[in-house]
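# Coordinate inspection notes
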Amino acid sequence: MQTHIFSTAAQVGQATAMLIAAQLLRKPDSVLGLATGSSPIPTYETLVGMYRTGLLDFSKATSFNLDEYVGIDPHHPCSYHAFMQEHLFSHINIKPENVHIPDGNAEDLTAAAKKYDASILASGGIDLQLLGIGRNGHIGFNEPGDHFVYGCHKVSLSESTIEANKRFFDSVDAVPRHAVSLGIGSIMQARQVLLIATGEDKAEAVRRALEEDVSPQWQASILRTHPDVVFLLDEAAASQLKHR
Ligand code: GLP
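Below, the structure is looked at part by part. As the structure is a computational prediction, the values presented were derived from the model and not from experiment.

### Thoughts on the site of the ligand
As a structural note, the neighbourhood of the ligand is formed by 15 residues, with Ser-38, Ser-39, Asp-67, Arg-167 and Lys-202 the closest of them. One nitrogen or oxygen atom from the main chain of Ile-133 is found 3.4 Å from an oxygen atom belonging to the ligand. Across the complex, the protein chains shield 95% of the 390 Å² of accessible surface that the ligand would expose by itself. Of the residues contributing to the shell around the ligand, the split by class is 4 nonpolar, 8 polar and 3 charged.

### A closer look at the sheet that holds strand E5 (residues 99–100)
The 7 strands lie next to each other as E1-E10-E9-E6-E2-E3-E5, forming an open sheet whose pairing is parallel. Both outer strands of the open sheet, strand E1 (2–6) and E5, are each paired with one neighbouring strand and no more. As judged from the 5 bridges shared by E1 and strand E10 (residues 229–234), these two strands associate in the parallel manner. Each bridged residue has a counterpart across the sheet, and for His-4 the counterpart in E10 is Leu-232.

### Examining the nonpolar core
Judged by nonpolar contacts, the single largest core of 36 residues is most densely connected at Leu-131, Ile-139, Leu-195, Leu-223, Phe-231 and Leu-233. Put simply, the parts of the chain that give this core at least two residues each are helix H4 (109–122), helix H6 (184–188), strand E9 (192–197), helix H7 (203–211) and E10. If we skip the residues at most four places from it in the chain, Leu-131 touches Ala-35, Leu-66, Ile-139, Ile-187, Val-193, Leu-194, Leu-195, Ile-196 and Leu-223. With 29 residues, the next largest nonpolar core counts Ala-21, Leu-34, Val-48 and Phe-83 among its residues.

### Description of the sheet that holds strand E4 (residues 67–69)
Read from one edge to the other, the open sheet built from 3 strands follows the order E4-E8-E7, with strand pairing classed as antiparallel. Where the open sheet ends on each side, the last strands, each with one partner, are E4 and strand E7 (153–156). Sheet twist, expressed as the mean angle between neighbouring strand axes with direction ignored, is 25°. When E7 meets strand E8 (residues 178–181), the two strands line up antiparallel, connected through 4 bridges. Considered in E8, the bridge of Lys-154 is made with Val-180.

### Points about the packing of helix H1 (residues 9–26) against helix H2 (residues 41–52)
Running from N to C, H1 and H2 cross one another at 55°; their axes reach a closest spacing of 7 Å. When the interaxial angle is binned, H1 and H2 end up oblique. By crossing handedness, the relation of H1 to H2 is classed as right-handed. Of the residues in H2, those touching H1 at Ala-9, Gly-13, Gln-14, Thr-16, Ala-17, Met-18, Ile-20 and Ala-21 are Pro-42, Thr-43, Thr-46, Leu-47 and Met-50. Residues that form the contact of H1 with H2 fall into these classes: 8 nonpolar, 5 polar and no charged.

How each quantity is defined
Residues numbered from 1 in each chain as written. Predicted model: local features only at pLDDT ≥ 70, side-chain atom pairs only at ≥ 80, totals over all residues. Heavy atoms only, no water. Near = heavy atom within 4 Å. Polar contact = N/O pair within 3.5 Å; in protein donor to acceptor, adjacent residues only side chain to side chain. Areas by Shrake-Rupley, 256 points an atom, 1.4 Å probe, with all protein chains shown as cover. Nonpolar A, V, L, I, M, F, W, Y, C, P; charged D, E, K, R; others polar. Pairing = 2+ DSSP bridges. Helix = DSSP H or I, 4+ residues; strand = E, 2+ residues; numbered from the N terminus. Core = buried A, V, L, I, M, F, W, Y, C linked by side-chain atoms within 4.5 Å. Buried < 20%, exposed > 50% of the residue type's maximum accessible area, 1.4 Å probe, protein only. Contact = heavy atoms within 4.5 Å. Axes fitted to C-alpha atoms, helices over the stretch in contact; angles between N-to-C directions. Parallel < 35°, antiparallel > 145°, perpendicular 65-115°, else oblique. Left-handed = near helix turned anticlockwise from the far one by under 90°.

None of this, on its own, says anything about what the molecule does.
This is the structure:
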């Protein structure tokens, strides 16, 4: 495990983009696990810049997103489908048929989740998984609980997540109460994991993940058992760490 602490969120984004770029240069047909939320936006901006200058080519890459809200129209501006279009996919040359995002409107969510895990396996598995972290330590939408869930599944969002994510919606009532998320097992199977955390409101989750016992109450703590994980933090997110 490696932890890098940078002065600013912009630097975290640039460093993360460099690691993703290195992966793509080494393996143009990489399978990328992608994340939403405000944390990866500087990373996506940097990747788009690298693509525009001709440094990067996404034409052979495949992507699998971590999660999506249940019951939200994919065109709704707060859907993760729309987020990915806005911040990354519409600016680069990834092939639409190589892009995968969980379907939060599937009639049978359990069957769709199983199918999602199966397509990840069929693609050869995720080479590099990008993650943010919730204030409550969630990764994807794997909320605090008494166990880790292995596969892609439907989740009931916790009050703290609804509260944290209401900033993207018109009101707290508009935030969906459920989501579909890649499970911890699927995330842990990625060959390489990059976790981004920026801002003081992530400091407790980062400390719990890095310096407390591995526990499903702080789901990101499981990442410490992954053989190739890099935490990319800004000073604010690292501010509660005792061992720097
Ligand atoms: C959301 C997403 C996560 C993301 C987290 C943090 O709920 N499901 O994948 O990592 O919240 O979001 P942000 O980066 O906006 O703080």
